[in-house]
Amino acid sequence: MQPTDLAADNPFGAPSTLPYGLPDHARIREEHYRPALLAGMAQQRDEIEAIAADPAAPTVENTLEALERSGRLLHRVVASFYNQSSADSTPGLEAVEEEIAPLFAAHHDAIYLDPRLFARVAALQAQVDSGALELEPDTAWLLHRTHTRFVRAGVGLDEAAQDRLKTLNAEIMSLETAFGRDLLAATNEAGVLVTDVDELDGLAPDAVAAAQKAARDRGHEEGWFLELALSTQQAALAVLRDRGLRERLFRASIGRGTSGPHDTRTSVLRLVRARAERAQLLGYAHHAQYVAADATAKSAEAVAEILGSLAPVAVANARAEGADLADALVRDHPDARLEPWDWQFYAEQVKKERRALDDAVLRPYLELERVLADGVFRAATELYGVTFAERHDLVGYHPDVRVFEVFDADGSGLGLFLADYWTRESKRGGAWMNNLVDQSTLLGERAVVVNNLNIPKPPQGPTLLTWDEVITMFHEFGHALHGLFSAVRWPSQSGTEVPRDFVEYPSQVNEMWAWDPAILRAFALHHETGEPMPAEWVDTLLAARQDGEGFATTEYLAAALLDQAWYRLSPDEVPTDVSEVEAFETAALQRAGVDYAPVPPRYRTTYFNHVFGGGYSAGYYSYIWSEVLDADTVEWFRENGGLDRRNGDVFRARLLSRGGSVDPLQAFRDLRGRDPLIDPLLARRGLLGANAG
């Protein structure tokens, strides 16, 4: 048994006294995490024991509410720890995470496999089912979800099966940690060192300066270091004229995790096998079915149907795009065949020819500070009436982090928003949102949320963005709004605590405001002159929205189908040797009909952090599933006048504020007045009426 008390100087020992409960990053040290995590688990175990052993008949107050109030110390430290370890990791934090992972699994099992605790929850559910107990809608949904969590955790299994389940859960958490640690190291090592500046021809001066800084930061006295983003394609591939360097960069990207001390394949195979065995123990055919059953999809077959229906037309569109790019390629390299490292470069060349526009000319008009203030924040102000003030007196977990206080339309404080936009060696790849504090009226807490991106930081001067990075800023801020606007009673229903295949929906809706002409014209100003982006460029940018959708949809679907392929396996079907990973991947893409060589999956198996190191296992389909809701909601906004406070207030009230306090599809119906339609998504992606022949 771990001690439940903390040393007096441990900042996690009591709730933070800073505004909105912001963790006291000025005081938090690496050595504070381990004892706080152990004490937090021990304290919650004591609290759970008191609930389970209570001789009084179960009530909402002594069971459901008591469960919601339990584990406050643990929640505080977990939120801070995992935010820190993903955004600014150290060997010390990695060691703590490796030690703690199996302990967390055991802690979760101790709660959700406790038959006494489940009996109390089941008794309440039986009273509701019989009509003897009537609950408020949010509490009834909480009871339903709590009961479901116990059942899905395996509380009904016999002792031998539960023992095996506990072993598997501990193994899975440890393997997720190992995969993430190895991937971060592999990605850092796989970046490309360039020693001849002429090879960087095409890269903007600020990007060249950032590459030089990255090389110095890694101990290289000379040269330029091209860091890798998490995805297969790399931003520099769109502008580098040197075809040889493009190939080196691409091969470095897809080679991550395939060899050496940071080979991730062993973790992949063990994870897939463990999850497959766990799913079967719990009565499911495979892990994909286990995941889908608790999401809005409800079945792996429904997931397969939507992915399978989109794949043929997406690939047909990609092949048509590829033919145009191949024509452009042979003008420069007469005997060349279109390769993956050519795609982005010649897509930009074709765009320039057809649209007289590419990222190189756009970037001077997309300065980070202005995009944030006059784009991301401005759209939120016009839609919802919220305003933002930077709090220079509040400290983030890293010097790059900025803290903003968010005020509601009536001037009352809503929460804090932390922006952490620049890449660094200690930060995992990609972009994401975290909660440091969850909104809850039960606990009297308001939201503190974080957005993380990975934008190269120039050594001096402004940070200029690509259009994709602008969209990512709006996307992640959509998650932030989901957390900030939460207005729920129960902590476990706060903000983004919704099914995985619903959580991306609000964030994808928020992307639409980057394309709104009024917002776009407000933030797209030249960083030196302040001149607005030429009106014809804005019109061209809006007209070009479907350019490259064949590529974008195909690379996404390939990754989503690959995720499904791994997690539809039974334990006996999982490859037993790491040398089989690539062959499995190739066969899976061929079976799915997305094996178009110039467009590889957005993530290959060995660096697919979403599904092997994060929370999206068998759930990467969620982005396209959520996009059905998103595209339909964009139509709702347009039908009702677009960027308008009335629309924002309705969307906030009927969807964003409700978090996980209601069936998510019911929240959508309350907004739209019907079930979602897929046609708006097909039109957006250029798939409506497309020929897959």
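Residues numbered from 1 in each chain as written. Predicted model: local features only at pLDDT ≥ 70, side-chain atom pairs only at ≥ 80, totals over all residues. Heavy atoms only, no water.

Colleague: I keep staring at the layout of surface pockets and nothing clicks. Help me out?
Modeller: By rolling a water-sized probe across the atoms, one finds the places where empty space is left. Its volume calculated, the second largest pocket comes out at about 610 Å³. If you trace the second largest pocket, you find 27 residues lining it, with I254, E582, E585, T586 and R604 closest to the centre. With five residues, helix 22 (residues 581-592) is the single largest residue contributor to the lining of the second largest pocket. Here the residues of the lining of the second largest pocket are counted per class, giving 14 nonpolar, five polar and eight charged. (1 Å grid on protein atoms, 1.4 Å probe; cavity = no way out; pocket = protein on both sides within 12 Å on 5 of 7 lines; lining within 4 Å. Points joined across faces, edges and corners; volume = space filled by probe spheres on them. Helix = DSSP H or I, 4+ residues; strand = E, 2+ residues; numbered from the N terminus. Nonpolar A, V, L, I, M, F, W, Y, C, P; charged D, E, K, R; others polar.)

Colleague: What is the right way to look at the sheet that holds strand 6 (residues 432-437) in this model?
Modeller: One key point about sheets: their strands pair by backbone hydrogen bonds, in either a parallel or an antiparallel sense. Here we have five strands laid out as an open sheet, ordered 3-4-5-7-6, and mixed in their pairing. Every interior strand has two partners, whereas the edge strands, strand 3 (387-390) and strand 6, have only one. The mean angle between the axes of side-by-side strands here comes to 25°, regardless of whether they run parallel or antiparallel. By the bridge criterion, six bridges tie strand 4 (residues 402-407) to strand 5 (residues 413-422) in an arrangement that is antiparallel. (Pairing = 2+ DSSP bridges. Axes fitted to C-alpha atoms, helices over the stretch in contact; angles between N-to-C directions.)

Colleague: Help me understand empty space enclosed by the protein, please; the structure alone is not making it clear to me.
Modeller: The full count for this structure, using the stated rule, is one cavity of 30 Å³ or more. Empty space within the largest cavity amounts to approximately 50 Å³. If you go around the largest cavity, the residues you meet are Y384, G478, L481, P506, V509, N510, W513, F651 and L656. Every element with two or more residues in the lining of the largest cavity is listed here: helix 16 (467-484) and helix 17 (500-510). Take the lining of the largest cavity: its biggest share by element is three residues, from helix 17. Here the residues of the lining of the largest cavity are counted per class, giving seven nonpolar, two polar and no charged.

Colleague: Could you clarify how one ought to interpret the pairing of strand 5 in this entry?
Modeller: A regular strand places its side chains on the two faces of the sheet in alternate fashion. In terms of residue burial, strand 5 counts as a mostly covered element, since nine of its 10 residues are buried. Hairpin geometry of strand 4 and strand 5 is characterised by an intervening segment of five residues between the two adjacent antiparallel strands and by a positive phi of about 90° at G411. Both strand 5 and strand 7 (residues 447-455) contribute to a ladder of seven bridges, which runs parallel. Paired with W422 across the strands is I455, a residue of strand 7. (Buried < 20%, exposed > 50% of the residue type's maximum accessible area, 1.4 Å probe, protein only.)

Colleague: Please clarify how the pattern of salt bridges should be interpreted in this entry.
Modeller: Charged atoms that come close allow side chains of opposite charge to pair. Per the stated rule, a full pass over the model turns up 53 salt bridges. Among the salt bridges present, the one from R638 reaches E635, with a minimum N-O distance of 3.1 Å. Taken together, the positions of R638 and E635, both in helix 24 (residues 622-639) and three residues apart, correspond to about one turn of that helix. Given the relative accessible area of 48%, R638 is considered partly exposed. The network of salt bridges with common partners includes D400, D420, R424, K427 and K457. (Salt bridge = Lys/Arg side-chain N within 4 Å of Asp/Glu carboxyl O.)

Colleague: Mind showing me how you'd approach the packing of aromatic side chains here?
Modeller: Any two aromatic rings considered together are summarised by their centre-to-centre distance and by the angle between their planes. As enumerated under the stated definition, the model contains 40 aromatic pairs in all. Pairing Y82 with F104 gives two aromatic rings, centres 6.0 Å apart and planes at 40°, and the pair type is tilted. Remark: F104 occurs in helix 4 (residues 91-112) and Y82 occurs in helix 3 (residues 72-87); sequence separation between them is 22 residues. Residue class for Y82 comes out partly exposed when judged on its relative accessible area of 25%. On the accessibility criterion, F104 (11% relative accessible area) is buried. Here the aromatic rings of W513 and F637 are separated by 5.2 Å at their centres, their planes lie at 90°, and the arrangement is edge-to-face. Remark: F637 occurs in helix 24 and W513 occurs in helix 18 (residues 512-515); sequence separation between them is 124 residues. Using a relative accessible area of 2% as the deciding quantity, one classes W513 as buried. One aromatic cluster is present, formed by F502, Y505, W513, W636, F637, F651 and F668 through successive ring pairs. (Phe/Tyr/Trp six-rings, centres within 6.5 Å; stacked < 30°, edge-to-face > 60°.)

Colleague: In this structure, what is going on with unusual backbone geometry? I would like to understand it.
Modeller: Residues apart from glycine generally show negative phi values, whereas peptide bonds are mostly found in trans. Here Y20, not a glycine, exhibits a phi torsion of approximately 65°, which is positive. Residue position: Y20 is located in the segment before helix 1 (30-52). The class of Y20 is buried, set by a relative accessible area of 12%. Phi angles above zero are rare outside glycine, and A618 is one such case at about 60°.

Colleague: Explanation requested: helix 16 in the structure shown.
Modeller: Owing to its 3.6 residues per turn, the α-helix aligns residues three or four sequence positions apart on the same side. For helix 16, with 18 residues, the first-to-last C-alpha span of 26 Å sits near the 26 Å given by 1.5 Å per residue. Burial of helix 16 is extensive: 16 of the 18 residues sit out of reach of the surface. (Expected span 1.5 Å × (residues − 1).)

Colleague: I'm lost on helix 5 (residues 115-130) in this one. Help?
Modeller: Taking 1.5 Å per residue as the helical rise, helix 5 with its 16 residues ought to reach 22 Å, and the 22 Å between its terminal C-alpha atoms agrees with that figure. Every buried residue belonging to helix 5 is among L117, F118, R120, V121, L124 and Q125, and all of these are buried. The buried residues of helix 5 all sit within an arc of 160° when viewed along its axis, so they share a single face. Facing away from the buried side of helix 5, by more than 90 degrees, are the exposed residues P115, D129 and S130. On its buried side, helix 5 packs onto helix 1, helix 2 (60-69), helix 4 and helix 6 (137-153). Two or three places before R116, at the start of helix 5, stands the capping residue D114, its side-chain oxygen 2.9 Å from that residue's backbone nitrogen. Of the residues flanking the end of helix 5, it is G131, one or two places downstream, whose phi is positive at about 90°. (Arc of directions from axis to C-beta. Contact = heavy atoms within 4.5 Å. Polar contact = N/O pair within 3.5 Å; in protein donor to acceptor, adjacent residues only side chain to side chain.)

Colleague: Just checking my understanding: could you explain the environment of R76 for this structure?
Modeller: Secondary-structure assignment places R76 in helix 3. Remark: the alpha-carbon pair of R76 and L22, spanning 54 residues in sequence, is separated by 9.9 Å. With near-sequence residues (within four places) excluded, R76 lies in contact with F12, G13, A14 and P15.

Colleague: It is not clear to me how the packing of helix 15 (residues 368-384) against helix 16 should be interpreted in this structure. Could you clarify?
Modeller: Any two packed helices are characterised by how steeply their axes cross, that is the angle between the axes, and by the distance between the axes. Following both chains from N to C, one finds helix 15 and helix 16 inclined at 40°, their axes separated by 11 Å at the closest point. In terms of orientation, helix 15 lies oblique with respect to helix 16. Here helix 15 and helix 16 pass one another in a crossing that is right-handed. For the pair helix 15 and helix 16, the contacting residues are L368, V371, L372, G375, V376, F377, A379, A380 and Y384 in the first and V470, M473, F474, F477 and L481 in the second. (Parallel < 35°, antiparallel > 145°, perpendicular 65-115°, else oblique. Left-handed = near helix turned anticlockwise from the far one by under 90°.)

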